[in-house]
Amino acid sequence: MSFGETPITIIGNLTADPELKFTDSGQALARFTVASTPRTFDRDSNQWKDGTSTFFRCAAWRSLAEHVAESVGKGSRVVLSGRIRQHDWKTPEGENRSMLAVEVDDIGASLRFTTVTVNGKRTSNTAPSDNPWATDSQPTDNKPPF
């Protein structure tokens, strides 16, 4: 993350399945919307009440985009972190438009109301022998790797 960027963490539900596309250069892009709805307990009625939902348009790139498209869908509860980006453009009529979106750095399933099973192997650019935290390598001296 660069200096001056606005980080954000969002917990919410996908409003539809992620839309996976590829740029002309072959980069994967997943676009999706997350709805976050606050809940408060009303002591007078002894019930939970939903607040006003906030909808966040999100984009994930490269392998993260492909993982999102393969792993989550409409209604999935997720926890994501990313950066708020402003996008400006002109309409065909010449009007200036602007919107905020979240560029996703990391995303995972929320385990608050469900369980998940992780399938597949961890992908990394670091060779296991170079990474003391990798699960398939064991320290030779039985000392912690720090």
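Okay, so let's go over this structure. It should be emphasised that the depicted structure is a prediction, and the values quoted were computed from it without experimental measurement.

**Describing the overall build of the chain**
And step 1. Counting secondary structure elements, the chain contains 1 helix and 8 strands.
And step 2. Along the chain, helices (α) and strands (β) appear in the sequence β-β-β-β-β-β-α-β-β when read from the amino end.
And step 3. The buried share of the chain, taken over its 146 residues, is 23%.
And step 4. In the chain, the proportion of contacts linking residues at least 24 apart, taken out of those at least 6 apart, comes to 57%.
And step 5. Total accessible area on the chain stands at roughly 11,200 Å², and carbon and sulfur atoms take up 48% of it.

**Some points on a nonpolar patch on the surface**
And step 1. Taken together, Leu111, Val116 and Val118 make up a surface patch of nonpolar side chains, about 310 Å² in accessible area.
And step 2. Take leucine 111: it is sitting in the segment after strand E8 (96-109).

**Points about helix H1 (residues 62-71)**
And step 1. What H1 keeps buried is the set Leu64, Ala65 and Val68. Projected down its long axis, H1 carries its buried residues within an arc of 105°, all on one side. Exposed side chains of H1 directed beyond 90 degrees from the buried face belong to Arg62 and Glu70.
And step 2. Of the surrounding elements, those touching the buried residues of H1 are strand E2 (19-22), strand E3 (28-36), strand E6 (54-61) and E8.

**Quick look at the pairing of strand E5 (residues 47-50)**
And step 1. One ladder, built from 4 bridges, connects strand E4 (residues 39-42) with E5; its direction is antiparallel. Bridge pairing in E5 links threonine 40 to lysine 49.
And step 2. Between E4 and E5, which pair antiparallel in sequence order, lie 4 residues; one of them, asparagine 46, sits at a positive phi of approximately 60°.

**Re the layout of surface pockets**
And step 1. Within this model, the second largest pocket holds a volume of roughly 280 Å³.
And step 2. Lining the second largest pocket we find 13 residues, and of these Thr37, Pro38, Arg39, Arg77 and Phe113 sit closest to its centre.
And step 3. At the level of elements, strand E1 (6-14), E3 and E5 are the ones that each hand at least two residues to the lining of the second largest pocket.
And step 4. At 3 residues, E1 tops the list of elements feeding residues into the lining of the second largest pocket.

**So, the environment of cysteine 58**
And step 1. Here cysteine 58 is to be found in strand E6.
And step 2. Sequence spacing of cysteine 58 and arginine 83 is 25 residues, and the spatial spacing of their C-alpha atoms is 9.7 Å.
And step 3. Apart from residues no more than four positions distant in its own chain, cysteine 58 is found in contact with Ala30, Arg31, Phe32, Val34, Leu80, Val102 and Val104.

**A short note on the packing of aromatic side chains**
And step 1. In the structure shown here, the tally under the stated rule is 1 aromatic pair.
And step 2. Relative to tryptophan 48, the ring of phenylalanine 41 has its centre 5.4 Å away and its plane inclined at 70°; by these criteria the two rings are edge-to-face.

**So, the pattern of salt bridges**
And step 1. Under the criterion given, the structure shown has 9 salt bridges.
And step 2. The shortest N-O distance in the salt bridge between aspartate 50 and arginine 39 comes to 2.7 Å. Here aspartate 50 is found in strand E5, whereas its partner arginine 39 is found in strand E4, with 11 residues between them in sequence.
And step 3. What makes aspartate 50 exposed here is its relative accessible area of 53%.
And step 4. With its nearest N and O atoms 4.0 Å apart, the salt bridge here joins aspartate 42 to lysine 49.
And step 5. The class of aspartate 42 is partly exposed, set by a relative accessible area of 24%.
And step 6. Each member of the salt-bridge network shares a partner with another, and the members are Glu5, Arg83, Arg85, Glu103 and Asp105.

Rules used throughout
- Residues numbered from 1 in each chain as written.
- Predicted model: local features only at pLDDT ≥ 70, side-chain atom pairs only at ≥ 80, totals over all residues.
- Heavy atoms only, no water.
- Helix = DSSP H or I, 4+ residues; strand = E, 2+ residues; numbered from the N terminus.
- Buried < 20%, exposed > 50% of the residue type's maximum accessible area, 1.4 Å probe, protein only.
- Contact = heavy atoms within 4.5 Å.
- Areas by Shrake-Rupley, 256 points an atom, 1.4 Å probe, with all protein chains shown as cover.
- Patch = residues over 30% accessible without salt bridge, like charges linked within 9 Å, V, L, I, M, F, W, Y side chains within 5 Å.
- Salt bridge = Lys/Arg side-chain N within 4 Å of Asp/Glu carboxyl O.
- Arc of directions from axis to C-beta.
- Pairing = 2+ DSSP bridges.
- 1 Å grid on protein atoms, 1.4 Å probe; cavity = no way out; pocket = protein on both sides within 12 Å on 5 of 7 lines; lining within 4 Å.
- Points joined across faces, edges and corners; volume = space filled by probe spheres on them.
- Phe/Tyr/Trp six-rings, centres within 6.5 Å; stacked < 30°, edge-to-face > 60°.

Everything listed is a geometric property; what it means functionally is a separate question.
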